Amino acid sequence: MNSLSRLPIARKVVLTLLVFGLVPVAVVSVITYRLRYDFEERAGHRMRDEAASFAETVDRNLFERYGDVQAFGFNRVVLQKDQWYKRGEKDNAIVRAMNDYVSTYGIYLLTILVDTEGRVIAVNSRDAQRNPLSTDDVYARNFRDSEWFRALRDGRSTSRMPFSNPDNTRATGTFIEDAHEDGTVRAVYGKYHERVLGFSAALRDEEGKVIGYWSNRTNFELVEEVARTKLESLKSSNYFSGEILVLNAEGRSLLHMHSGTKASIPENTNLLEAAFVPARDSLRGRAGYHVGAVDTQGELPTLLTGYAHSRGALGYPGMNWSVLVSVDHDEVTSRIDKAMQRVWLAVAGCAFFIVALGAWIGRKFSQPIREMAQAAESIARGDLSAEVRYEARDELGALASSFRRLRSYTLQVAESARGLTEGNLQATIEARSEGDVLALRMGEALETLRRLVEDSHNVIAAAEQGNLQARIDTSRYQGAYRVLASGLNAMMQAVATPLGEARALLERVAEGDLSVRMQGDFKGEFA
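Quantities reported herein were computed from a predicted structural model and do not represent experimental measurements. (Residues numbered from 1 in each chain as written. Predicted model: local features only at pLDDT ≥ 70, side-chain atom pairs only at ≥ 80, totals over all residues. Heavy atoms only, no water.)

Undergrad: What is the right way to read the overall build of the protein from this model?
TA: Within the protein one finds 12 helices and 10 strands. For the protein, the residues scored as buried account for 41% of the 527 residues in total. Considering only contacts in the protein between residues 6 or more positions apart, those separated by 24 or more positions represent 61%. By element, 52% of the accessible surface of the protein is carried by carbon and sulfur atoms, the whole surface being about 29,500 Å². (Helix = DSSP H or I, 4+ residues; strand = E, 2+ residues; numbered from the N terminus. Buried < 20%, exposed > 50% of the residue type's maximum accessible area, 1.4 Å probe, protein only. Contact = heavy atoms within 4.5 Å. Areas by Shrake-Rupley, 256 points an atom, 1.4 Å probe, with all protein chains shown as cover.)

Undergrad: What is the right way to read the sheet that holds strand β5 (residues 210-219) from this model?
TA: Consider a sheet: its strands pair through backbone hydrogen bonds, and that pairing is either parallel or antiparallel. Read from one edge of the open sheet, 5 strands run β2-β1-β5-β4-β3, paired in antiparallel fashion. Every other strand in the sheet has two partners, leaving β2 (120-123) and β3 (174-180) as the edge strands with one partner each. Strand-to-strand twist across the sheet, computed as the mean angle between neighbouring axes with direction ignored, equals 20°. In the packing of helix α3 (residues 93-105) onto the sheet, the strands contacted are β1 (108-115), β2 and β5, and the crossing angle to β1 comes to about 150°. (Pairing = 2+ DSSP bridges. Axes fitted to C-alpha atoms, helices over the stretch in contact; angles between N-to-C directions.)

Undergrad: Hey, could you run me through the sheet that holds strand β10 (residues 322-328) in this one?
TA: Pairing within the open sheet is antiparallel, and its 5 strands lie in the order β7-β6-β10-β9-β8. Two strands in the sheet have a free side with no partner beyond their single neighbour: β7 (253-258) and β8 (288-292). Between one strand axis and the next, the sheet turns through 15° on average, direction left out of account. Note that strand β6 (residues 243-247) and β7 share 5 bridges and pair antiparallel. Bridge pairing in β7 links I244 to M257. Packing against the sheet, helix α7 (residues 221-236) makes contact with β6, β7 and β10, and its axis sits at approximately 30° to β7.

Undergrad: Is there a simple way to think about the nonpolar core in this case?
TA: Inside soluble globular proteins, nonpolar side chains tend to come together where they are buried. In terms of nonpolar packing, the biggest core is built from 77 residues, with F54, L62, I94, L197, V223 and W321 touching the most fellow members. Take this core: its biggest share by element is 10 residues, from helix α2 (residues 9-73). Setting aside its immediate chain neighbours within four residues, I94 contacts V77, V78, Q80, Q83, W84, L113, I121 and A122. Counting 11 residues, the second-largest nonpolar core is a separate cluster that includes L245, A274, Y307 and L324. (Core = buried A, V, L, I, M, F, W, Y, C linked by side-chain atoms within 4.5 Å.)

Undergrad: How should I be thinking about unusual backbone geometry in this particular structure?
TA: Generally, phi is negative for residues other than glycine and the peptide bonds are trans, each holding for most cases. Despite not being glycine, Y85 shows a phi value in the positive range, around 70°. Note that Y85 resides in the loop between α2 and α3. Since its relative accessible area comes to 36%, Y85 is described here as partly exposed. For L314, which is not glycine, the phi torsion reads 60° and is therefore positive. Its place among the elements puts L314 in the loop between β9 (303-309) and β10. L314 gets classed as partly exposed once you look at its relative accessible area, which sits at 45%.

See below:
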């Protein structure tokens, strides 16, 4: 505090303006920083919700596939055993029905009907665009050793997944195969379709007896289409680095799509071995978001990744998949970072402006104050030559005017005092208020001197007229003035006493008494 009190006014003004000017800016900066955190948190929740939304959209779509295979089996044409085992749509009504299903739904690559021994009863002969397919290899196969055939033969269907919601465990009757490379599909389509989903159900006659099994080989592109739609949705929200991964129960990547020119997560990376938190937690059935890069040898960008696990939909148990939706963390924070940069530029600009303004105001304030301080110091030393020239209509102007009046007043008192030294008792000092102690006291001193001079003049005038008995009333005076009046009285008495004795002596001598003598102890000329 002492150090602050010794600072010049200009610096105090600058510091004051900085404090009151930058505190609001600092508050705004803190709010902006908090907004950055909130913005990141909201973006994280958005990515988590996008992952959950993607999983639900896929589950809703596959719920229909779960029911399709059972619905197809209700077509009465499959009970026409005279149509069984005939190749080609011309001779097989079942094949024609299958072609219609494939064309109408557009997502099935193969629809295969086999008997209870695994022999092919019928398979579609055209693709979704009604282009002919070569299915001789399919008819030559026996599916009794396939997974779906064995499961249906044993009466097993898929009704529950590890993390299915309780409400999504009601569906039954269909056996689900996770995304896989299907040899039968490859034999028909070549390498174009690398992954398919399998949905298979038992075929029953009118008495409910199992007479065969129907299996739909579903194009995995339906999941990819959902991913493309999701990436476009992210783009519309200005997330141009979107990336989507779908992991199976073992953590292997089933789908990896991205919007940018380069994936932020390397292809074929084992995310569990890379200790990628979203992969680990989502495989445990959790949902959330995480900020961090995939821990590999290369330098990879930091990602904001939302994750969720498939929980089924509409009674369908889901695929037990994990979904990761990532965006570049810099893309998420770039907008708020730019805003923060603008805030800091504004802070710097405000600081510069405040310092400049404070310096200007400080000079404007301190200059007249210094001038008045110097004038006051001069007056304190008794030097009345200093003048205050500052004029304004503000408080400082009023203070400067008061200093000028003080100087004028002091000069008036000094002039009156100089008159006293020259014996001029006609000077007048007018009190400017009831509290003008100096003027009042100087006036009293002048009045006392005038009375003393007048009383002394009267005594002297009386003495000149021969009256040596005139005296000054000393009760009217105090201090040195009383001493002076008493001294004048004593002097007159000292003159009057020997003169009186001499007069009395002379009167006796005039009467002829020459024996008389002066009485009293007289000194000097009176001795």
